[in-house]
Amino acid sequence: MKLAVYSMKGAEKGSITLGRKLSGPVRKDLIKRAVMAELAARRQPYGSDPEAGKRTSAAYHGRRGIRHSMMNREMARMKRITSTRSLYMRARFVPQAVKGRKAHPPKAEKVWEKKINKKERVAALLSAAAATLDRTWIEKRGYDLDYVKKMPLVVEDGLEEVRTIRDVRQIIDNFGLTEELEWLGETKTRSGKGTMRGRRHKKKRGMLIVVEKDKGISRAARNLAGLEVCEAGSLGVEMLAPGAEPGRLCIWTEGALRKMEELA
């Protein structure tokens, strides 16, 4: 597949030929598997204290004829407190008792990791990258591309050396993505208790700029809401297909695409 390469002013400058992997069919099943594996790897194990609910003097007295025996007393045979007068015969330890242990608590030793073969992960990464180069998949994800005449967006390598936010805005405007940038700047307040837990505003995930080597572009674009910059060697499937939905709007540099070709 042959793609046009544009200058930072939006004029066509040359072309680049892509291999079979980056122009092949989009495998949503592989992409979903890889994204789920990446999200699972970021999961932090958690669990309750193994001794929670078990620190008690309660004991079960089941024999007949002994002190505190529970036989013939019309009460459930479970561990009970017998050492104090105020809590005499109060049930403890068992899950159905007040202050008892949990029946099936979360365990810290649970393994959250989901394994995926190396070849499958690479195939998913190339498939997700192929979706970002296809106008149909980008529109299917929900982007409005009526004002974008040039697609896919492959830009010269000089984009890596942009140092100011003003220049980044100008480059995005040159490709007709002004409305997309404005939409990313809009904020909405989250409903529910998340507002008091440090996540009051919802964050949107917008365009992704993929470069071969970061020479200042990430510092220039870091204050633009929803805009992300990533080196081709550090790309993950979840970055190209957030939520396992392929077709994220990406601006590729020529060198970044050549780097991806090396994976194929």
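Everything in this summary refers to the structure shown in the same document. Worth saying up front: this structure is predicted, and the values here are computed from it rather than measured. (Residues numbered from 1 in each chain as written. Predicted model: local features only at pLDDT ≥ 70, side-chain atom pairs only at ≥ 80, totals over all residues. Heavy atoms only, no water.)

1. Examining the overall build of the chain
Quick note on the threshold: Helix and strand definitions follow DSSP, with helices as H or I runs of at least four residues and strands as E runs of at least two, each counted in order from the N terminus. Radius of gyration means the value over C-alpha atoms here, while the globule rule gives 2.2 Å times the residue count to the 0.38 power. It only takes one pair of heavy atoms within 4.5 Å for two residues to be counted as in contact. His is not counted, nor are the chain ends; Lys and Arg add positive charge and Asp and Glu add negative charge. Here the site of a charge means atom NZ of a Lys, CZ of an Arg, CG of an Asp or CD of a Glu.
When its secondary structure is counted, the chain shows 8 helices and 6 strands. What you see in the chain, going N to C, is helices and strands ordered as β-β-α-α-α-β-α-α-β-α-β-α-β-α. Taking 264 residues into account, the globule formula puts the C-alpha radius of gyration at 18 Å, and the chain, at 29 Å, lies well above it. C-alpha extents for the chain along the principal axes are approximately 100 × 40 × 30 Å. Sequence separation of at least 24 residues holds for 61% of the intrachain contacts in the chain that already meet a minimum separation of 6. Distance from the positive charge centre (58 side chains) to the negative charge centre (32 side chains) of the chain: 16 Å.

2. Notes on the packing of aromatic side chains
Using the following cut-off: Working definition: a ring pair exists when centres of Phe, Tyr or Trp rings (six-membered ring for Trp) sit within 6.5 Å. Plane angles under 30 degrees give stacked, over 60 give edge-to-face, the rest tilted. Classification of residues uses two cut-offs on accessible area relative to the type maximum, computed with a 1.4 Å probe and protein chains only: under 20% is buried, over 50% is exposed, and between them is partly exposed.
Enumeration according to the criterion identifies 2 aromatic pairs in this entry. Both rings, one in Tyr 46 and one in Trp 112, keep their centres 6.3 Å apart while their planes meet at 20°; by these two values the pair is stacked. Placement of the pair is Tyr 46 in the loop between α1 (28-41) and α2 (118-132) and Trp 112 in the loop between α1 and α2, with a sequence separation of 66 residues. Judged by its relative accessible area of 44%, Tyr 46 is partly exposed.

3. Considering the side chain of Arg 248
Selection criterion: We call two N or O atoms a polar contact when they sit within 3.5 Å, provided that within protein one can donate a hydrogen and the other can accept it, with sequence-adjacent residues counted only if both atoms are side-chain atoms.
Tracing the backbone through its elements, the reader meets Arg 248 in the loop between α7 (237-240) and β6 (250-253). A polar atom in the side chain of Arg 248 sits 2.8 Å from the backbone oxygen of Met 239.

4. Details of helix α8 (residues 254-263)
For α8, the complete set of buried residues consists of Glu 254, Gly 255, Ala 256, Leu 257 and Met 260. Contacts made by the buried residues of α8 are with β1 (2-6), β2 (12-17), α2, β3 (153-155), β4 (208-211) and β6.

5. Brief notes about unusual backbone geometry
Across the junction of Met 151 and Pro 152, the peptide omega takes the value 0°, indicating a cis bond. Relative to the assigned elements, Pro 152 resides in the loop between α3 (135-140) and β3. If you check the backbone angles, Glu 74 has positive phi at about 55° while not being a glycine. With respect to the helices and strands, the residue Glu 74 is situated in the loop between α1 and α2. Taking relative accessible area as the criterion, Glu 74 reaches 85% and is therefore assigned exposed. Despite not being glycine, Lys 99 shows a phi value in the positive range, around 65°. Mapped onto the elements, Lys 99 comes out in the loop between α1 and α2.

6. Brief notes about the pairing of β2
Rule in force here: The rule for pairing is simple: two strands pair if DSSP sees at least two bridges between them.
Direction of pairing for β1 relative to β2: antiparallel, over a ladder of 5 bridges. Bridging across to β2, Tyr 6 finds its partner in Glu 12. With antiparallel pairing between neighbouring strands as the criterion, β1 and β2 make up a hairpin whose turn holds 5 residues, including Gly 10 at a positive phi of roughly 95°.

7. Examining the packing of α1 against α2
The condition is simple: Fitted lines through C-alpha atoms give the axes, limited to the stretch in contact for helices. The angle between two N-to-C directions lies from 0 to 180 degrees. Angles are sorted into four bins: roughly parallel if under 35 degrees, roughly antiparallel if over 145, roughly perpendicular if 65 to 115, and oblique for all others. Take the far helix as your reference; a near helix turned counterclockwise from it by less than a right angle gives a left-handed crossing, and one turned clockwise gives a right-handed crossing.
Running from N to C, α1 and α2 point in directions that differ by 115°, and their axes come no closer than 8 Å. Classified by the angle between their axes, α1 and α2 sit roughly perpendicular to one another. For the element pair α1 and α2, the recorded crossing hand is left-handed. Touching Leu 30, Ile 31, Arg 33 and Ala 34 of α1 are Glu 120, Ala 123, Ala 124, Ser 127 and Ala 128, all from α2.

8. A word on a negative patch on the surface
This is how the line gets drawn: Like charges are joined within 9 Å and nonpolar side chains (Val, Leu, Ile, Met, Phe, Trp, Tyr) within 5 Å, but only among residues with over 30% relative accessible area and no salt bridge; these make up the patches. A 1.4 Å probe and the Shrake-Rupley method give the accessible areas. Residues count as covered only by the protein chains that appear here. By convention in these notes, a salt bridge is any Lys or Arg side-chain nitrogen within 4 Å of a carboxyl oxygen on Asp or Glu.
Residues Asp 144, Asp 146, Asp 173, Glu 179 and Glu 182 make up a contiguous surface patch of negative charge. Mapping Asp 144 onto the fold places it in the loop between α3 and β3.

Coordinates in, geometry out; function isn't part of it.
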